[in-house]
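Given next are the chains, with one letter for each unit.
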Amino acid sequence: MSIEVRDVHKTFGTFAALKGVSLKIQSGELMALLGPSGSGKTTLLRIIAGLETPDDGSGDILFHGENVAALRAAARHVGFVFQHYALFRHMTVFENIAFGLRVRPRRNRPSNDAIRGKVASLLKLVQLENFAGRYPSQLSGGQRQRVALARALAVEPRVLLLDEPFGSLDAKVRKELRAWIRRLHDEIHITSVFVTHDQDEALEVADRVAVMNEGAIEQIGTPEEVYDQPASAFVYQFLGNVNIFEGRIRNGRLRIGCLELPVSSPESADNQPARAYVRPHDIELARIVAGEGVRRGTVQHIHTAGPIVRVGVRTFDGSQTIEVEIAREKHQELDLRVGNVVYYRMRHSQIFVEDYSI
Amino acid sequence: MRFFAPKNNVLPGFRLAMGFTLFYLSLIVLIPVAAIFIKTAAAGWSQFWQTATSPRVVASYRLSFGVSALAALANGVFGLLAAWVLVRYEFIGKRMVDALVDLPFALPTAVAGISLTTVYAETGWIGQWLKPLGVKVAFTPLGVLVALTFIGLPFVVRTVQPVLQDLDREVEDAAASLGANRWQTFYRVIFPALWPAALTGATLAFARAVGEYGSVIFISGNMPMRTEITPLLIVTKLEQYDYAGATAIAVVMLVASFSLLLLINLLQWWSAHRGT
Ligand SMILES: Nc1ncnc2c1ncn2[C@@H]1O[C@H](COP(=O)(O)OP(=O)(O)OP(=O)(O)O)[C@@H](O)[C@H]1O
Ligand SMILES: [Mg+2]
């Protein structure tokens, strides 16, 4: 079941939460909606589910090429996992999961035995076999999350929508559930959209990522595409840590102080302000001057905890401190101390003039 | 009731608070109630039994408890509805309506009784329209029902309102996305969350109605065996200096009310502990 969103607008009062969003999700795909808080992710998801309607006369939602704009949520057969679970507090885990089956019209409601069997198999799927009789308040966050997922899956939805499914969990459980959801998706191949504001999560789990900002989609692509070829400064910044160097275009090159970086397209106007974006791991450090484009700085701080070592380097003119990430071995080899003079070189950078990539 | 402080209580002062509560309850409730029992005991069992079971008194129990229960039921249903409208809809004059709900609390009960009687009498604003339909309100048990419903109105509205406000709207969305229609969403998801509060409200309304005096005696007409409420009988006996008779009836009312309240509380406790 493919999903297509065409030019959807949504306004709350005078506030435009979605400003013309278009999105195509292939059948069986796992798509991540990534964006900062308030960027409209939940709103978009709710519109797809039919829990919210787009502004009058704007946009269409198509499931498998068929327009579902007129269908209410109950008729769309969408599984929705809510940001805060929204479990039924007065029902046991079993009854929560069985809910979607019990509310079916009599003629296609499964028998009690069939419901029991179905719920049992779902409990097994989400690894909560022994929790059928508990109430939501007796479960941990991760367990509630899985109940919410099982409840959504019970109705055999055509599409699965997950709103920050790992939002309120600790880092370790998040990682487990992340891998688990990917496996689950590979098993049942249901078209899924999941919302997150955690870039690692999106890049790790999804087939494709849609990056949202202020009610619009900035870029859609595979995790590699959005990470390696960000379409805008926003995407570049949102997908990881970044050092920003401000400069001006001179003769087709970006000049930052006395450093020059090549600009890939030559038609940019002379003397235009521009910024170079460099990831911390795209900066090389050395104790001696070697090669071209090397700048001098002093080590300001070193954080050695974790798999990589983060070094703060103050630029020679003292205008900014850049963050550099190097491997542990490299750090040992360089034997850096705070106050040492180091030479740094940008291995890779991307230049944006007024937010557009050139 | 729990007499031992939880070990890791956030706030200190459990003993002090508990002690004060017990002292306060004794002073305000237990001692006067005990006095009633002692007074009754002094009069002797046979006299007690005779007074408490005389036909006129039994008829008044039936009216007081029966009509109070009906009034509480009516308030349960319409109070729920009113709370729903006040929480879920925006309309002009909403604050006015909200304030109006408390009016039966603020109005002196005698004033309420007199105005209700005026309105529902055969020549009153509403009474004159009901008369051709053959419905008599003032000076009938129906009149008692109207008065008791009136004074009990705020309870259910005020107990349900905050619960409804706190209700997570996403739960309704979840039900809808699982295929539930509106009616199913209401009775499977919303109602189970509301009914304990509604029951509390209806219980309070019932308790208030059983003891109500001022607003009823005007509209009921106070005909023995027909529209005489138990509190009125007590007052009548007191006026005749028949203290033993008055306390005998009071004891029956007390025991009956207390048993009912206890039963409802147990029901609520049971339902609350099912979910935790
Ligand atoms: N019912 C509503 N009424 C008014 N404004 C709303 C409503 N729902 C959302 N908004 C606004 O629309 C914007 C987008 O909200 P949305 O919930 O879609 O954000 P989000 O991307 O899901 O954020 P988060 O990551 O914090 O969940 C926000 O600025 C929010 O304040
Ligand atoms: Mg959200």
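Scroll up a little and you will see the structure.
Owing to the predicted nature of the structure, the values given are computational and were not obtained by experimental measurement. (Residues numbered from 1 in each chain as written. Chains lettered and ligands numbered in written order. Predicted model: local features only at pLDDT ≥ 70, side-chain atom pairs only at ≥ 80, totals over all residues. Heavy atoms only, no water.)

Chemist: Please explain the coordination of the magnesium ion (ligand 2) as it appears in this structure.
Modeler: Angles between donor atoms at a metal ideally measure 109.5 degrees for a four-coordinate tetrahedral arrangement and either 90 or 180 degrees for a six-coordinate octahedral one. Around the magnesium ion (ligand 2), the protein contributes the donor atoms A:Thr42 (OG1) and A:Gln83 (OE1), at 1.9 to 2.7 Å from the metal centre. Here the residue A:Thr42 occupies a position in helix 1 (residues 41-49), and A:Gln83 occupies one in the loop between strand 6 (78-81) and helix 3 (93-102), the gap between them amounting to 41 residues. (Donors = N, O, S within 2.8 Å, 3.2 Å for Na, K, Ca; no water. Helix = DSSP H or I, 4+ residues; strand = E, 2+ residues; numbered from the N terminus.)

Chemist: What's the story with the side chain of B:Ser60 in this structure? I'm lost.
Modeler: Residue and element names in this part refer to chain B. As for its placement among the helices and strands, Ser 60 is situated in helix 3 (residues 55-88). Judged by relative accessible area, Ser 60 falls into the buried class, the value being 0%. Apart from the residues within four sequence positions on either side, Ser 60 is in contact with Glu 228, Ile 229, Thr 230 and Leu 233. (Buried < 20%, exposed > 50% of the residue type's maximum accessible area, 1.4 Å probe, protein only. Contact = heavy atoms within 4.5 Å.)

Chemist: Explain the site of ligand 1 here, please?
Modeler: All names here are of chain A. What surrounds ligand 1 is a group of 14 residues, the closest being Ser 37, Gly 38, Lys 41, Thr 42 and Thr 43. In the environment of ligand 1, an oxygen atom lies 3.0 Å from a nitrogen or oxygen atom belonging to the backbone of Gly 40. Calculation on ligand 1 without its partners gives an accessible area of 630 Å², and the protein chains cover 62% of this total. Of all the secondary-structure elements, those providing two or more residues to the shell around ligand 1 are strand 2 (15-25) and helix 1. A total of 3 residues in the shell around ligand 1 trace back to one element, the largest contributor, which is helix 1. In the shell around ligand 1, the residues fall into 4 nonpolar, 8 polar and 2 charged. (Near = heavy atom within 4 Å. Polar contact = N/O pair within 3.5 Å; in protein donor to acceptor, adjacent residues only side chain to side chain. Areas by Shrake-Rupley, 256 points an atom, 1.4 Å probe, with all protein chains shown as cover. Nonpolar A, V, L, I, M, F, W, Y, C, P; charged D, E, K, R; others polar.)

Chemist: When you look at the sheet that holds strand 7 (residues 159-163) of chain A in this model, what are you seeing that I'm missing?
Modeler: Pairing between the strands of a sheet is mediated by backbone hydrogen bonds and can be parallel or antiparallel. All names here are of chain A. Ordered by their spatial adjacency, 6 strands build an open sheet running 6-7-8-3-9-10, and the pairing between neighbours is mixed. A strand with exactly one partner marks an edge of an open sheet, and here the two such strands are strand 6 and strand 10 (216-221). For this sheet the average axis-to-axis angle between neighbouring strands, irrespective of direction, equals 15°. Pairing of strand 3 (residues 30-34) with strand 9 (residues 208-213), which is carried by 4 bridges, proceeds in the parallel orientation. When the bridges of strand 9 are listed, Leu 33 appears paired with Ala 210. In the packing of helix 1 onto the sheet, the strands contacted are strand 3, strand 6, strand 7, strand 8 (191-196) and strand 9, and the crossing angle to strand 7 comes to about 155°. (Pairing = 2+ DSSP bridges. Axes fitted to C-alpha atoms, helices over the stretch in contact; angles between N-to-C directions.)

Chemist: Please explain the packing of helix 8 (residues 141-166) of chain B against helix 10 (residues 182-211) of chain B as it appears in this structure.
Modeler: A pair of packed helices can be characterised by two numbers: the angle between their axes and the separation between those axes. Residue and element names in this part refer to chain B. Axis separation between helix 8 and helix 10 bottoms out at 8 Å; the angle between their running directions is 155°. Accordingly, the angle class assigned to the pair helix 8 and helix 10 is roughly antiparallel. The handedness of the crossing between helix 8 and helix 10 comes out as right-handed. For the pair formed by helix 8 and helix 10, the contact residues are Leu 148, Ile 151, Gly 152, Phe 155, Val 156, Thr 159, Val 160, Val 163 and Leu 164 on the first element and Ala 193, Leu 194, Ala 197, Ala 198, Thr 200, Gly 201, Ala 202, Leu 204, Ala 205, Arg 208 and Ala 209 on the second. The class makeup of the residues in the contact of helix 8 with helix 10 is 15 nonpolar, 4 polar and 1 charged. (Parallel < 35°, antiparallel > 145°, perpendicular 65-115°, else oblique. Left-handed = near helix turned anticlockwise from the far one by under 90°.)

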